[in-house]
Amino acid sequence: RQPVAASLLELGGLRIAREEIVKDDPTNNVPDSIFSKLGMQLHRRDQHPLGILKNAIYDYFDTNYPNKFDKFDNLCPIVSVKANFDDVLVPADHVSRSYNDTYYVDSQTVLRCHTSAHQAELLREGHTHFLCTGDVYRRDSIDSTHYPVFHQMEGVRVFTPADWEGSGTDATSYAAEDLKKCLEGLARHLFGGVEMRWIDTYFPFTNPSFELEIYFQEKWLEVLGCGVMEQEILKRSSRTDNVAWAFGLGLERLAMVLFDIPDIRLFWTTDERFTSQFSKGQLGIKFKPFSKYPPCYKDMSFWISDAFTENNLCEVVRGIAGDLVEEVKLIDNFTNKKGMTSQCYRIAYRSMERSLTDEEINDLQWKVREQVEAQLSVVLR
Ligand code: FA5
Ligand code: MG
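Residues numbered from 1 in each chain as written. Chains lettered and ligands numbered in written order. Predicted model: local features only at pLDDT ≥ 70, side-chain atom pairs only at ≥ 80, totals over all residues. Heavy atoms only, no water.

1. Side note on the overall build of the protein chain
Put simply, the test is: Under the DSSP-based scheme used, a helix requires at least four consecutive residues in state H or I and a strand at least two consecutive residues in state E, with every element numbered from the N terminus. Any residue under 20% of the maximum accessible area for its type is buried, any over 50% is exposed, and the rest in between are partly exposed; the area is computed with a 1.4 Å probe on protein chains only. Method for areas: the Shrake-Rupley scheme with a 1.4 Å probe, in which residue coverage is limited to the protein chains shown.
What the protein chain contains, in helices and strands, is eleven helices and 16 strands. On the principal axes, the C-alpha backbone points of the protein chain span a range of 70 × 45 × 45 Å. Buried residues in the protein chain amount to 52% of all 381 residues. Carbon together with sulfur atoms contributes 47% to the accessible area of the protein chain, which is approximately 17,600 Å² in total.

2. Notes on the site of ligand 1
To keep things clear, this is the line we draw: Nearness here has a simple test: a residue counts as near a molecule or strand if at least one of its heavy atoms is within 4 Å of that partner. What qualifies as a polar contact is a pair of N or O atoms within 3.5 Å, subject to a donor-acceptor requirement within protein and to the restriction that residues adjacent in sequence count only when both atoms come from side chains. Ten residue types, Ala, Val, Leu, Ile, Met, Phe, Trp, Tyr, Cys and Pro, are classed as nonpolar, four, Asp, Glu, Lys and Arg, as charged, and the remainder, Gly among them, as polar.
Neighbouring ligand 1 are 25 residues; His 114, Ser 116, Arg 138, Gln 152 and Glu 222 lie closest to it. Taking Asp 140, its side chain carries an N or O atom lying 3.1 Å from a nitrogen atom of ligand 1. Separating an oxygen atom of ligand 1 from a side-chain N or O atom of Gln 152 is a distance of 3.1 Å. Contact with the protein chains hides 94% of the accessible area of ligand 1, taken as 680 Å² for the molecule alone. Breaking the shell around ligand 1 down by element, the ones donating at least two residues are strand E8 (149-159), strand E11 (219-229) and strand E12 (243-250). Ranked by residues supplied to the shell around ligand 1, first place goes to E11 with five residues. Here the residues of the shell around ligand 1 sort into ten nonpolar, ten polar and five charged.

3. Focus: the pattern of salt bridges
Spelled out, the test is: Counted as salt bridges are all cases of a side-chain nitrogen of Lys or Arg within 4 Å of a carboxyl oxygen of Asp or Glu.
Under the criterion given, the structure shown has 23 salt bridges. A salt bridge links Lys 54 to Asp 73, with the nearest nitrogen and oxygen atoms 2.6 Å apart. Residue Lys 54 is located in helix H2 (residues 49-64), and its partner Asp 73 is located in the loop between strand E3 (70-72) and strand E4 (78-80); the two are separated by 19 residues in the primary sequence. Taken individually, Lys 54 and Asp 73 each receive the classification buried, so the pair is uniform in this respect. Between Asp 87 and Arg 124 there is a salt bridge, and its shortest N-O distance comes to 3.7 Å. Of this pair, Asp 87 sits in the loop between helix H3 (81-84) and strand E5 (104-106) while Arg 124 is found in helix H4 (residues 119-124), placing the two residues 37 residues apart along the sequence.

4. A short note on the pairing of strand E15 (residues 341-349)
Going by this rule: Strands were regarded as paired on the criterion that DSSP finds at least two bridges between them.
For E15, the buried fraction is high: eight of the nine residues fall into the buried class. Sheet analysis places strand E14 (residues 325-335) next to E15, joined by nine bridges and oriented antiparallel. For Glu 327, the partnering residue across the bridge sits in E15 and is Ala 348. Between the end of E14 and the start of E15, which pair antiparallel, lie five residues, with Gly 339 showing a positive phi angle near 85 degrees.

5. Quick notes on the layout of surface pockets
Our working rule: Only protein atoms enter the 1 Å grid used here, on which a cavity is any set of points holding a 1.4 Å probe that cannot leave and a pocket is any open set flanked by protein within 12 Å on both sides along at least five of seven lines; residues with an atom within 4 Å of a point are listed as lining. Grid points are joined across faces, edges and corners, and a volume is the space filled by probe spheres set on the points.
Each pocket or cavity is described by its volume, and for the largest pocket that value is around 840 Å³. Every residue lining the largest pocket is counted, 41 residues in all, and those nearest its centre are Cys 113, Arg 138, Gln 152, Phe 203 and Glu 222. Of all the secondary structure elements, the ones that give two or more residues to the lining of the largest pocket are E8, strand E9 (196-203), strand E10 (206-216), E11, E12 and helix H8 (251-259). The element that contributes the greatest number of residues to the lining of the largest pocket is E11, accounting for six residues. When its residues are assigned to classes, the lining of the largest pocket shows 17 nonpolar, 15 polar and nine charged.

Here it is as structure tokens:
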């Protein structure tokens, strides 16, 4: 079950009570299961795979750019809507701003959904080379590579005209090329050889924009987003003559590849069979899975309404089953002649620590059905 959350937290030097973050109020959608993750700061533990990875990335930057990059890993994850979205030019109607995708503390305050929330503030403070690591929060689907709390590292490098003049290319191409070289070098530093590829993509805050994918467990896994920073962001921090690149790494994704960690929930386990396999500064470790306990699948069908979303379903399931839920997957979807849509979801329950009893799973599934019906305006079939 979910651990009982401490009621007073210290975040980025601020003292915050549970009542300030979990509120019975329509402008707030932070559940206790998320509150209980605030302040855990897995990325600041030198023995934890995420801490080991963060330190290895620091080593790469320290070696290649001695004394250049300022490092931040303790900025408060509770940020303004302005910092999280407006300052990085996310349009007013962008889906990521919705209550379906983001955790709101109140209408003007969110749990940051990316470390890009700190870009503008750090630029305004005068930093031109920085790495900013932190826990980020998103309402999202449930499977082995998605979790509602994960960790990102933001990197930003600002160039001045002296950097690209004489290079024979324009400022934007110069920055894009430098960015790709830097990140390919990082991938080699971490992995030696792996199969990777660049994908062109879109972010509101960069242009051009790219994603890097790594081949892992027979699939291409997206590990980071990056690009050349939109000029408007630099302009607002009085850097009209500069260009910059920025990236956002998904630390869990990189750590899964690096240490062969098969399921993202493992980062949160306190099971010694997991934690004892990692030690400070050790990059070469491959995780040896302890025996995998059997999964149990439960299907649930219902007629949906327009208000139904998969993220809401996942949150209800996670609220009841916590980390015992491994995956929530849509397996059937049809609309009848009357225009009613029915969906069937398959829930995989599995503990990483022990065998679950039938009774326990039936009990969970019963509660899930009850709450799905009560909270999601669907009709169970
Ligand atoms: C962003 O968050 C951008 N802010 C990244 C960025 C920064 C782009 C600076 C350009 C410049 P995205 O939503 O794709 O992008 O997330 C970045 C990475 O976080 C992904 O590539 C992935 O590795 C990881 N990630 C995203 N969602 C999850 C999740 N639910 N669980 C675990 N990791 C995730
Ligand atoms: Mg992405």
